[in-house]
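Coordinates in review
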Amino acid sequence: MRPNFKSRLVNGPFGDPAVYLEFLRERRAFLFDLGDLRPLSNRELLKVSHVFVSHTHVDHFIGFDHLLRISLGRQKELVVFGPPGITDNVEGKLKGYTWNLVHNYVESLIITVIEVGATTIKTTRFRCHRRFEREELHSCSRKDNTLLEEPALRVQFTFVNHLIPILAFCFEEKYHINVKKNELERRNWPPGPWLAEFKKAIYENQSDDWIVVVRSPKPDDKILAKVPLGELRHELVTYTPGQKISYVTDMLFEPESAEKVIDMVSYSHLLYIEACFLDEDKNLAKEKYHLTAAQAGYIAGRAKVHKFILFHFSPKYQGREKELISEARESYEKHLQK
Ligand SMILES: [Zn+2]
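This report concerns the structure included in the present document. Nothing here was measured: the structure is a model prediction, and the numbers come from that model.

Calculation rules
- Along each chain, numbering runs from 1 in the same order as the chain's sequence is written.
- It should be noted that, the model being predicted, local features are given only for residues of pLDDT at least 70 and side-chain atom pairs only at 80 or more, the latter also being counted only at that level, while totals for whole chains, interfaces and linings use all residues.
- Processing note: side-chain calculations cover all non-hydrogen atoms of the structure and skip hydrogens and water entirely.
- In this scheme, strands are said to pair when DSSP sees at least two bridges between them.
- Every helix listed is a DSSP run of H or I at least four residues long, and every strand listed is a run of E at least two residues long, numbered separately from the N terminus.
- The angle between two axes is taken between their N-to-C directions and runs from 0 to 180 degrees, where each axis is a line fitted to C-alpha atoms and a helix contributes only its stretch in contact.
- Note on contacts: a residue pair qualifies if any of its non-hydrogen atoms lie within 4.5 Å across the two residues.
- Shown as donors are all N, O and S atoms within 2.8 Å of a metal ion, widened to 3.2 Å for Na, K and Ca; because water is not in the atom set, sites may appear incomplete.
- The buried label applies to any residue whose accessible area, calculated with a 1.4 Å probe on protein chains only, is under 20% of its type's maximum; exposed applies above 50%, and partly exposed to all values in between.
- Every case where a carboxyl oxygen of Asp or Glu lies within 4 Å of a side-chain nitrogen of Lys or Arg is listed as a salt bridge.
- Left-handed describes a crossing whose near helix is turned anticlockwise from the far helix by less than a right angle; the clockwise case is right-handed.
- When residue character is reported, Ala, Val, Leu, Ile, Met, Phe, Trp, Tyr, Cys and Pro are called nonpolar, Asp, Glu, Lys and Arg charged, and the others, Gly included, polar.
- Any two rings among Phe, Tyr and Trp, with Trp reduced to its six-membered ring, count as a pair given centres within 6.5 Å; such a pair is stacked if its planes are under 30 degrees apart, edge-to-face if over 60, and tilted if neither.
- Throughout, the arc means the angular range of directions from the helix axis out to the C-beta atoms.
- A cavity, in this analysis, means grid points on a 1 Å lattice covering only the protein atoms where a 1.4 Å probe fits yet has no way out; a pocket is instead an open set bounded by protein on both sides within 12 Å along at least five of seven lines, and a residue lines either one if it has an atom within 4 Å of a point.
- Grid points are joined across faces, edges and corners, and a volume is the space filled by probe spheres set on the points.

Quick word on the sheet that holds strand S7 (residues 120-127)
Spatial ordering of the open sheet is given by S1-S2-S3-S4-S5-S6-S7-S8, a layout of 8 strands whose pairing is mixed. Each edge of the open sheet is held by one strand with a lone partner, namely strand S1 (5-9) and strand S8 (134-141). Each strand of the sheet is rotated relative to its neighbour by a mean of 15°, with strand direction disregarded. Pairing of S7 with S8 involves 7 bridges; the strand directions are antiparallel. Paired with Thr124 across the two strands is Glu136, which belongs to S8. Packing against the sheet, helix H3 (residues 64-71) makes contact with strand S3 (29-32), strand S4 (48-52), strand S5 (76-82) and strand S6 (109-116), and its axis sits at approximately 150° to S6. The sheet contacts of helix H4 (residues 86-95) involve S5, S6, S7 and S8, and relative to S6 the element is tilted by about 150°.

Quick word on the coordination of the zinc ion
Under perfect tetrahedral coordination by four donors, a metal shows angles of 109.5 degrees; under perfect octahedral coordination by six donors, it shows angles of 90 or 180 degrees. The protein atoms that coordinate the zinc ion are His60 (NE2), Asp250 (OD) and His312 (NE2), at distances of 2.1 to 2.2 Å. Motif for the zinc ion, donor spacing along one chain: H-x189-D-x61-H. Of the two residues, Asp250 sits in the loop between strand S16 (244-248) and helix H8 (255-265) while His312 sits in the loop between strand S18 (308-311) and helix H11 (321-336), which places them 62 residues apart along the sequence. His312 shares its class with Asp250; the two are buried.

So, the pattern of salt bridges
Applying the stated criterion across every chain, the model contains 27 salt bridges. Residue Arg38 pairs with Asp36 through a salt bridge whose shortest N-O separation is 2.9 Å. The exposure class assigned to Arg38 is exposed, which follows from its relative accessible area of 62%. The salt bridge involving Arg134 is made with Glu91; its shortest N-O contact spans 2.6 Å.

Thoughts on the packing of helix H10 (residues 293-302) against H11
When two helices pack together, their arrangement is given by the angle between the helix axes and the distance between those axes. Where H10 meets H11, the axes come as close as 7 Å, and the angle between the chain directions of the two elements is 35°. Crossing geometry of H10 relative to H11 is assigned as right-handed. Every residue of H11 that contacts H10 at Ala293, Ala294, Gly297, Tyr298, Ala300, Gly301 and Arg302 is listed here: Leu324, Glu327, Ala328, Ser331, Tyr332, His335 and Leu336. Taken together, the residues of the contact of H10 with H11 break down into 8 nonpolar, 4 polar and 2 charged.

Regarding the packing of aromatic side chains
Applying the stated criterion across every chain, the model contains 24 aromatic pairs. Between Phe277 and Tyr317, the aromatic rings sit 6.4 Å apart at their centres with planes inclined by 80°, giving edge-to-face as the arrangement. Of the two residues, Phe277 sits in the loop between strand S17 (270-274) and helix H9 (282-287) while Tyr317 sits in the loop between S18 and H11, which places them 40 residues apart along the sequence. An identical accessibility class is assigned to Phe277 and Tyr317; each is buried. Among the aromatic residues, those joined into a cluster by ring pairs are Phe5, Phe23, Phe30, Phe32, Phe52, Phe81, Phe169, Phe171, Tyr247 and Phe311.

Describing H4
For H4, every residue scored as buried is listed here: Ile86, Thr87, Val90, Glu91 and Leu94. Considered in projection along H4, the buried side chains sweep an arc of 135° and stay on one side of the axis. Among the structural elements, helix H2 (58-61), H3, S5, S6, S7 and S8 are those in contact with the buried residues of H4.

Focus: the layout of surface pockets
For the largest pocket, the calculated volume is near 800 Å³. Looking at the largest pocket, it is lined by 31 residues, and the ones nearest its centre are Asn4, Arg25, Leu195, Ala196 and Lys199. The set of elements that each furnish at least two residues to the lining of the largest pocket consists of strand S12 (175-179), helix H5 (181-187) and helix H6 (193-203).

A closer look at the pairing of strand S11 (residues 165-173)
The buried fraction of S11 is high, at 7 of 9 residues. Where strand S10 (residues 153-161) lies against S11, 9 bridges are found, and the strand directions are antiparallel. Its bridge partner being in S11, Phe157 is matched across the sheet by Phe169. Between S10 and S11, which pair antiparallel and follow one another directly, the connecting turn spans 3 residues, one of which, Leu163, has a positive phi of 75°. Relative to S16, S11 is paired through 4 bridges, and the arrangement is antiparallel. Within S16, the position partnered with Phe169 by the bridge is Tyr247.

Below is the structure:
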């Protein structure tokens, strides 16, 4: 299976939290948290279309300025999802600067903030050419835990307790479309942008008589065939489960929220999960509303995730990262069986 996405921690496990999720065949990327983003290139930052902020403690949000700096003067929209208070936090950041000349910009950045409340979703817009003045768009009651729903993917959240309610996220590709290479060869159809159109039509559930136009690659760009989608949706492709990538950070381990997280992240291909402390310091973890490595392993094991990556290690364990990893691994193996 050729993956459609790849993701990575922006910093090492002792660094600020941030995960960069890149779409491999589209010019866009998602960020989960905005810790220090300087390790990302400008090219990577310019691909960011959606940002999912767990909460706005400084180590999770300081990168907002860097992203803003790179995105200014571009015709693009940045959509920022976050917990209660995120709108004021974004406004506060934007109010920290002077914007008297931005109306002259030809290209204008738009920042749309979607604030997730206990029962509501509030959308606010800040447009560069309007000097980033706050424009309340709408507020409505929240029906479910879905933040973003597209034909091919969905992003969901659940609240966790970090003394304040904050967000944990799950990104899910609904299913994965694999093109049969031998079928392409048999028909003498070269791969190209037409394949992306074809897949999009399947994800968008177009009808069987929708016409797939097969083209030769540029500069030729000749039409090689026109075939109804209904003939190709089974002959040319196979379907496998999509990728699921989850991001959980800064949570107090409580049975109820742990169960909600386990439910959301279950069977993730990859789970990014904080492990601030060792189990020997579990009282400290509780005081600071963080997970221990053993608790992170418990969640990963119970959720039967394929792989997990730990981050957000407390600086007190510098040089002891192997202990955090093996404690989580042991707990994971133990709970995977149950
Ligand atoms: Zn944190």
